[in-house]
Amino acid sequence: MLTTNHLPRVFIMEGKGQKIQLSDPEVSFSPQAVLNFYCATYPILTTATVSGPVITDDTVQYTFTSVIGTKG
């Protein structure tokens, strides 16, 4: 018999050379809605982009990458 399982989502915030793993606040949220949810806690995410999904270690990983660059 074939069974299916939902893989848990993991969100990884990249910025300033660090990677922080964030939990999924609500399964029904889209990845962009999760990004908006965490913007209040992590202001660097206000200019971030979402990439993914990538399936790794039985999780679905999305990456939030800050796009703050140099001026000029």
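Let us look at the structure shown here.

About the cut-offs
Residues numbered from 1 in each chain as written. Predicted model: local features only at pLDDT ≥ 70, side-chain atom pairs only at ≥ 80, totals over all residues. Heavy atoms only, no water. Helix = DSSP H or I, 4+ residues; strand = E, 2+ residues; numbered from the N terminus. Polar contact = N/O pair within 3.5 Å; in protein donor to acceptor, adjacent residues only side chain to side chain. Contact = heavy atoms within 4.5 Å. Buried < 20%, exposed > 50% of the residue type's maximum accessible area, 1.4 Å probe, protein only. Arc of directions from axis to C-beta.

**Quick word on the side chain of R9**
In this fold, R9 is placed in strand β1 (residues 9–15). There is a polar contact of 3.1 Å between the side chain of R9 and the backbone oxygen of E26. Engagement of the side chain of R9 in a polar contact is seen with the backbone oxygen of F29, the distance being 2.9 Å. Apart from residues no more than four positions distant in its own chain, R9 is found in contact with D24, E26, V27, F29, S30, P31, V34, V60 and Y62.

**Overview of helix α1 (residues 31–39)**
V34, L35, Y38 and C39 are the residues of α1 that are buried. The buried side chains of α1 occupy one side of the element, clustering within an arc of 145° when seen end-on. As for α1, its buried residues are in contact with β1, β2 (18–22), β3 (48–56) and β4 (59–66).

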